[in-house]
Amino acid sequence: MSDVYAPRGWGKVAETAGAWLLALVWIAPLAYAVWTAFHPSEFSTRFELFAPLTLDNFKRAWEAAPFARYFLNTFLLVTGVLACQLVLCTLAAFAFARYEFPGATVVFALVLAQLMIMPDVLIVENYKTMNRLGVLDSIPAIGLPYVASAFGIFLLRQTFKMVPKELDDAARVEGASPMQVLWRVYVPLGRPVYIAYGLVSVSYHWNNFLWPLIVTNSVESRPLTVGLQVFSSTDQGIDWAIICAATLMTSAPLLLGFLLFQRQFVQSFMRAGIK
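Treat the numbers as computed from the prediction; the structure is a model and nothing was measured.

Draft legend 1. Seen up close, helix α7 (residues 150-161). Counted at 1.5 Å a residue, the expected span for α7 with its 12 residues is 16 Å, and the 16 Å between its end C-alpha atoms agrees. For α7, every residue scored as buried is listed here: Ala 150, Gly 152, Ile 153, Leu 155, Leu 156, Arg 157, Thr 159 and Phe 160.

What follows is the structure, encoded as structure tokens:
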């Protein structure tokens, strides 16, 4: 940020205080979950500095539901959806960025229009489509409506348009086919964007709840988010210690992934012109 627009005096103090306040609001639920998960249930509503630590909540949570199956289902779901999205978005973005064809602007506008449509609006139609395909209560039923992503196409298109045209021409002079140009020139240069988009896609489908809840009925196809609802059953009483332990187990892979690729995540959006 330029020094001309940088806050000064009380403005800087207010900005710093606001940032700290937002940080505290964001971290408070996570801090409570960590505290409750590592302490006995009686300490879930009160804070004592020397309260005993325990891992029993994680053990009880793992035994209360088939978490191994839920993790496997979720892993298959997010990797399958991401693989399809990367292939389709890469091909579509390359076509929009480097080829001129009749109606390209209109088609791209229609693709972007998908960003303005909430997924919840399409639940009924998507359910009817999955029913006609005969794939209800399965992992493909959860992932099929999301294999094409307007956001991914837009992000990769912006990235490919920034690749110097000279690199494209040089590769073609060497005899490279369009697919070879895409694979050897564009894809390597867009690696940070692919990593960032992968984090966005995985985190969204890892946390998606409503659509998987509607189209799945059995343990064999339920992801983690749907499996977690077993702990909120009021018939057996709600144990916040077990709920927090289960929540930490399911969110830990996402937190770890974001911490490992945080720099690439931020840089990719800066390069794509999104701020």
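So, next bit.
Draft legend 2. Region of the structure containing the pattern of salt bridges. Inspection of the entire model under this criterion finds five salt bridges. The salt bridge partner of Arg 60 is Asp 56, with a shortest N-O separation of 4.0 Å. Taken together, the positions of Arg 60 and Asp 56, both in helix α2 (residues 56-64) and four residues apart, correspond to about one turn of that helix. In this structure Arg 60 comes out as partly exposed when scored by relative accessible area, which is 33%. A relative accessible area of 37% places Asp 56 in the partly exposed class.

Draft legend 3. Structural detail: unusual backbone geometry. Look at Asp 137: it is not a glycine, yet its phi comes out positive at around 60°. Along the chain, Asp 137 turns up in the loop between α5 (123-133) and α6 (139-143).

Draft legend 4. Molecular detail of helix α13 (residues 240-260). Helix length check: α13 (21 residues) gives 29 Å between terminal C-alpha atoms against 30 Å at 1.5 Å per residue, within 8%. When the local axis directions of α13 are compared, the greatest deviation, roughly 40°, occurs at Ser 251, which is followed within four positions by the proline Pro 253. Check the buried side of α13 and you find it contacts α1 (10-37), α2, α3 (67-98), α10 (191-207) and α12 (224-227).

Draft legend 5. Quick look at the confidence of the model for the chain. Across the chain, the average pLDDT comes to 85, with 90% of residues at or above 70. At the low end of the mean pLDDT range in the chain sits helix α14 (residues 262-271), at 63; at the high end sits α6, at 94.

Draft legend 6. Focus on a nonpolar patch on the surface. Taken together, the side chains of Tyr 127, Phe 209, Leu 210, Leu 213 and Ile 214 define a hydrophobic patch exposed on the protein surface, amounting to about 370 Å² of accessible area. Tracing the backbone through its elements, the reader meets Tyr 127 in helix α5. The partly exposed category is assigned to Tyr 127, whose relative accessible area is 33%.

Draft legend 7. Focus on the nonpolar core. In this structure, Phe 96, Ile 153, Leu 156, Phe 160, Leu 182, Val 185 and Tyr 186 are the most contacted members of the largest nonpolar core, which totals 24 residues. Secondary-structure elements contributing two or more residues to this core are α3, α4 (104-113), α7, α9 (178-189) and α10. With near-sequence residues (within four places) excluded, Val 185 lies in contact with Val 163, Leu 167, Ala 171 and Gln 180. Core analysis: the next-biggest nonpolar cluster, separate from the first, contains 18 residues, Phe 58, Ala 61, Ala 65 and Trp 206 among them.

Draft legend 8. Summary view of the layout of surface pockets. Computed from the structure, the largest pocket encloses a volume of approximately 520 Å³. In terms of lining residues, the largest pocket is bounded by 19 residues, among which Gln 114, Pro 119, Tyr 146, Ser 149 and Tyr 204 are the most central. For the lining of the largest pocket, the leading source of residues is α10, giving five residues. Partitioning the lining of the largest pocket into residue classes produces 13 nonpolar, six polar and no charged. Its boundaries defined by the atoms lining it, the second largest pocket holds a volume of some 370 Å³. If you trace the second largest pocket, you find 17 residues lining it, with Gly 198, Leu 199, Val 202, Leu 254 and Gly 257 closest to the centre. For the lining of the second largest pocket, the secondary structure elements donating two or more residues are α3, α10 and α13. The class makeup of the residues in the lining of the second largest pocket is 13 nonpolar, four polar and no charged.

Definitions and limits used
- Residues numbered from 1 in each chain as written.
- Predicted model: local features only at pLDDT ≥ 70, side-chain atom pairs only at ≥ 80, totals over all residues.
- Heavy atoms only, no water.
- Helix = DSSP H or I, 4+ residues; strand = E, 2+ residues; numbered from the N terminus.
- Expected span 1.5 Å × (residues − 1).
- Buried < 20%, exposed > 50% of the residue type's maximum accessible area, 1.4 Å probe, protein only.
- Salt bridge = Lys/Arg side-chain N within 4 Å of Asp/Glu carboxyl O.
- Bend = angle between axes of the 7 residues up to and from the residue.
- Contact = heavy atoms within 4.5 Å.
- pLDDT = per-residue confidence, 0-100.
- Patch = residues over 30% accessible without salt bridge, like charges linked within 9 Å, V, L, I, M, F, W, Y side chains within 5 Å.
- Areas by Shrake-Rupley, 256 points an atom, 1.4 Å probe, with all protein chains shown as cover.
- Core = buried A, V, L, I, M, F, W, Y, C linked by side-chain atoms within 4.5 Å.
- 1 Å grid on protein atoms, 1.4 Å probe; cavity = no way out; pocket = protein on both sides within 12 Å on 5 of 7 lines; lining within 4 Å.
- Points joined across faces, edges and corners; volume = space filled by probe spheres on them.
- Nonpolar A, V, L, I, M, F, W, Y, C, P; charged D, E, K, R; others polar.

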